[in-house]
Amino acid sequence: MTVVAIDGPGGAGKSTVARALAERLGVERLDTGAMYRALALAALRRSIPADDEARLAVLARSMRLQVGDRVVLDDEDVSAAIRGEDVDAVVSVVAAHPLVREELVARQRAWVAERGSGVVEGRDIASVVLPCADLKVYLTADPAERARRRATDCRAAAARPAGTRGADVGEVLEAIGRRDAFDTGRSVSPLVVADGAVVVDSTGRSVDDIVDELWGLL
Ligand code: DC
């Protein structure tokens, strides 16, 4: 029965590390960013503005969402759609509303309570969602490496044919810088290094190396 919280900025390698650590522990992984992304996508499709907290909160309460290897929103597989530029552009604003967070944090805690274990990744997992996690990790990497990883993620998500131009690393660097500033500077549950969290810099390190380190801390 092990609960691990992994927080950090975009592109730090949270998903890859969380997946590998969960596998080694034999537990499930929850990507909470995917939950905020799914809500942002649902809002875009209904033309609900990103600053309309009341309508977003109603939508958050009513959406049926499963987040596992695939992300399923109201019976539709939206795993690729939630990684689109349209979602990137609004998700930080959507995620900053207290009423939205109240609902999604409740769902995240319920997910852990049902299983009694898991690796949960996001921005406020150690600070707000699961402050009593067995291990709290703040995973980071230098901005250029984070942008390179995110650019690769974008290409994979869009499944562009080989040889065609993917996301531009410079543009991605700028976009993740904007989102990081927003996620860190917001008044509700900002991205912080939580009390008791171990800071791990993934720059230039292999996934196995990082997972070995985290394993040793459990
Ligand atoms: O990790 P990501 O890029 O998929 O996250 C998408 C957005 O959701 C990002 O702007 C931060 C926000 N987020 C959050 O506020 N709290 C979380 N626990 C996870 C993500």
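This text follows the structure it describes.
Residues numbered from 1 in each chain as written. Predicted model: local features only at pLDDT ≥ 70, side-chain atom pairs only at ≥ 80, totals over all residues. Heavy atoms only, no water.

(A) Highlighting the site of the ligand. Taken together, 17 residues are adjacent to the ligand, and R37, R101, R123, D124 and R186 come closest. With respect to the ligand, the side chain of S92 contributes an N or O atom lying 2.9 Å from an oxygen atom. Separating a nitrogen atom of the ligand from a side-chain N or O atom of D124 is a distance of 2.9 Å. Here the ligand has 450 Å² of accessible area as a free molecule, and 98% of this is covered by the chains. At the level of secondary structure, the elements contributing two or more residues to the shell around the ligand comprise α2 (32-45), α4 (85-95) and α8 (169-185). Grouping the constituent residues of the shell around the ligand by class yields four nonpolar, four polar and nine charged. (Near = heavy atom within 4 Å. Polar contact = N/O pair within 3.5 Å; in protein donor to acceptor, adjacent residues only side chain to side chain. Areas by Shrake-Rupley, 256 points an atom, 1.4 Å probe, with all protein chains shown as cover. Helix = DSSP H or I, 4+ residues; strand = E, 2+ residues; numbered from the N terminus. Nonpolar A, V, L, I, M, F, W, Y, C, P; charged D, E, K, R; others polar.)

(B) Representation of the packing of helix α1 (residues 14-25) against helix α9 (residues 207-217) within the structure. Following both chains from N to C, one finds α1 and α9 inclined at 55°, their axes separated by 10 Å at the closest point. Looking at the two axes, α1 sits oblique to α9. Here α1 runs over α9; the crossing is right-handed. Two secondary-structure elements touch here, α1 through T16, V17, A20, L21, R24 and L25 and α9 through V207, D208, I210, V211, D212, L214 and W215. Split into classes, the residues belonging to the contact of α1 with α9 amount to nine nonpolar, one polar and three charged. (Axes fitted to C-alpha atoms, helices over the stretch in contact; angles between N-to-C directions. Parallel < 35°, antiparallel > 145°, perpendicular 65-115°, else oblique. Left-handed = near helix turned anticlockwise from the far one by under 90°. Contact = heavy atoms within 4.5 Å.)

(C) Just the environment of I210, in detail. Residue placement: I210 occurs in helix α9. Distance from I210 to R109, taken between C-alpha atoms, is 26 Å for residues 101 residues apart in sequence. If we skip the residues at most four places from it in the chain, I210 touches V17, L139, V200, S202 and R205.

(D) Region of interest: the sheet that holds strand β5 (residues 76-77). Here three strands make up an open sheet; going across it, the order is β3-β4-β5 and the pairing antiparallel. Each edge of the sheet is formed by a strand with only one pairing partner; in this case those strands are β3 (65-67) and β5. Both strand β4 (residues 71-73) and β5 contribute to a ladder of two bridges, which runs antiparallel. Paired with V72 across the two strands is D77, which belongs to β5. (Pairing = 2+ DSSP bridges.)

(E) Spotlight on the packing of α4 against α8. Where α4 meets α8, the axes come as close as 9 Å, and the angle between the chain directions of the two elements is 10°. Viewed along their axes, α4 and α8 adopt a mutual orientation that is roughly parallel. Where α4 approaches α8, its residues D88, V91, S92 and V93 are matched on the opposing element by R179, F182 and D183. Its residues placed into classes, the contact of α4 with α8 shows three nonpolar, one polar and three charged.

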